[in-house]
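The lines below spell out each chain.
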Amino acid sequence: MNINANYDNLEQSYLFSTIAKKVNEYINNNPDKKVIRLGIGDVTLPLCKAVTDALHKAVDEMGVQSTFRGYGPEQGYDFLREAVQGYYKKHSVNLELDEIFISDGAKSDLGNILDLFDTNNTVLVPDPVYPVYVDTNIMAGRKVNFINANAENEFLPGVKDIDKNVGADIIYICSPNNPTGAVYNKTQLKEWVDYALEKKAVILFDSAYECFISDPELPRSIYEIEGAKNCAIEFCSLSKTAGFTGTRCGYTIVPMNLGKLNKMWVRRQTTKFNGVPYIVQRGAEAVFTEEGQKEIGLNIAYYKNNAKLISDTLNECGIKHVGGKHSPYIWLKCPNNMKSWEFFDYLLNNAQIVGTPGAGFGKNGEGYFRLTSFGSTENTKEAMERLKKLFKS
Ligand code: PLP
């Protein structure tokens, strides 16, 4: 037996364990101080009533002979695929049911999709980045090339930023972005679509945060861009949309126009996946009902209000940042040219606020810092008052 030696090429990530260690140490030494965590990437509000009602009903069905269900279709039940189809239609995107695959979340499918591609393909990933894109490719032995996301391109790298010597068969785009919160507009995305079509590359478009977009001019799906159905696979999730981080449900779109890829994905899924639980899919279906949309809308508005509080405070303090408008993430330039970890320690020691050092997301993250809006409004307000005391002149 030989192990997959590619795992040796993975960089150890100490980001969240180092944060936890530093915070625990601080709390032990300062038990009287209230620490506020604005580094959380998980939602905090509970599932909405429309969803829990649907979950309860589905649980009851499973306990009755006539409505019990065993294995379901690997691609998901039609009732949920139709609900997703209807959701896309609202944004003027027409999808066939066979292009929609229900998943147990975006993370799994972002990794699983790589089964369809040759290991010799080159991969283009923005830096800073959601680490899953990089690590899943390294595990498979693929070469990863980076494209710089920085202040000059407002953290939205474009085709012009690609290093001429670098190939790109598989291109990752995440918009609204984690960690930066930056969002591509239609013109910018069109450039990527045209580039992928020209190079016969595939775009893996991560739209896990699409629900935070409130400007109708900004694309929530890459399929709002002409030509995208010929070059892009889209991954979405109910995790942040509807608080499904622990419940687990998402969807992946593999268009028919992508040659064999749709059929290959069906083959892959029917071989390696047995579907998302019926109960969860009923809960997910409820997200797309009128009631569900209204209720999750309130939760999203709550997080967006927190993001606005953070962004407004940073403006008052003259701290440069992107994100926070159509995203739960705020990506700020550390004041006084501090490095990411220096600022982390400074904020923890002087304001008892915990965020995430940008350096943990890639080399271009050095000197930056990520705050999130997933905390409570009360804590976010208190944290912002503390920030003002430190930085507002
Ligand atoms: N994509 C991005 C950019 C994310 O930030 C996350 C979660 O934090 C995911 C995907 C994973 O989502 P899911 O919970 O659906 O696996």
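Analysis parameters
Residues numbered from 1 in each chain as written. Predicted model: local features only at pLDDT ≥ 70, side-chain atom pairs only at ≥ 80, totals over all residues. Heavy atoms only, no water. Near = heavy atom within 4 Å. Polar contact = N/O pair within 3.5 Å; in protein donor to acceptor, adjacent residues only side chain to side chain. Areas by Shrake-Rupley, 256 points an atom, 1.4 Å probe, with all protein chains shown as cover. 1 Å grid on protein atoms, 1.4 Å probe; cavity = no way out; pocket = protein on both sides within 12 Å on 5 of 7 lines; lining within 4 Å. Sits in = over half its atoms within 2 Å of the grid points. Helix = DSSP H or I, 4+ residues; strand = E, 2+ residues; numbered from the N terminus. Nonpolar A, V, L, I, M, F, W, Y, C, P; charged D, E, K, R; others polar. Pairing = 2+ DSSP bridges. Contact = heavy atoms within 4.5 Å. Axes fitted to C-alpha atoms, helices over the stretch in contact; angles between N-to-C directions. Expected span 1.5 Å × (residues − 1). Buried < 20%, exposed > 50% of the residue type's maximum accessible area, 1.4 Å probe, protein only. Points joined across faces, edges and corners; volume = space filled by probe spheres on them.

Caption draft 1: Structural view of the site of the ligand. Close to the ligand lie 14 residues; Ala106, Asp206, Tyr209, Ser237 and Ser239 are nearest. Interatomic distance of 2.6 Å between a side-chain N/O atom of Ser237 and an oxygen atom of the ligand. Between an oxygen atom of the ligand and a side-chain N or O atom of Ser239, the distance comes to 2.6 Å. Protein contact buries 90% of the 400 Å² of open area that the ligand shows by itself. In a pocket analysis with a 2 Å cut-off to the grid points, the ligand is assigned to the largest pocket. If you list the elements that add at least two residues to the shell around the ligand, you get helix 4 (106-112) and helix 7 (239-242). Tallied by class, residues from the shell around the ligand come to six nonpolar, four polar and four charged.

Caption draft 2: Structural view of the sheet that holds strand 9 (residues 321-323). The four strands lie next to each other as 9-10-13-12, forming an open sheet whose pairing is antiparallel. This sheet does not close on itself; its edge strands, each paired only once, are strand 9 and strand 12 (356-357). As defined by bridge partners, strand 12 adjoins strand 13 (residues 368-372) across two bridges and the pair is classed as antiparallel. Bridge assignment links Thr356 to a residue of strand 13, and that residue is Arg370. Against the sheet, helix 10 (residues 290-317) engages strand 9, strand 10 (329-333) and strand 13, with an angle of about 15° to strand 10.

Caption draft 3: Highlighting helix 12 (residues 377-391). For helix 12, with 15 residues, the first-to-last C-alpha span of 21 Å sits near the 21 Å given by 1.5 Å per residue. Of all the residues in helix 12, the buried ones are Thr377, Thr380, Ala383, Met384, Arg386, Leu387 and Phe391. Among the structural elements, strand 1 (36-37), helix 10, helix 11 (340-351) and strand 11 (353-354) are those in contact with the buried residues of helix 12.

Caption draft 4: Main features of the side chain of Thr372. Examined against the element boundaries, Thr372 turns out to sit in strand 13. One polar contact links the side chain of Thr372 to the main-chain carbonyl oxygen of Ile40, over a distance of 2.6 Å. Separated by 3.5 Å, the side chain of Thr372 and the backbone nitrogen of Phe374 make a polar contact. The contacts of Thr372, once residues within four sequence positions are left out, are Leu38, Gly39, Ile40, Ile310, Pro328 and Tyr329.

Caption draft 5: Highlighting the layout of surface pockets. For the largest pocket, the calculated volume is near 1,200 Å³. What lines the largest pocket is a set of 44 residues, and nearest its centre among them are Val129, Tyr130, Pro131, Val132 and Phe361. Where the lining of the largest pocket is concerned, the elements lending two or more residues are helix 1 (15-29), helix 4, helix 5 (132-139), strand 4 (143-148) and helix 7. The class makeup of the residues in the lining of the largest pocket is 23 nonpolar, eleven polar and ten charged.

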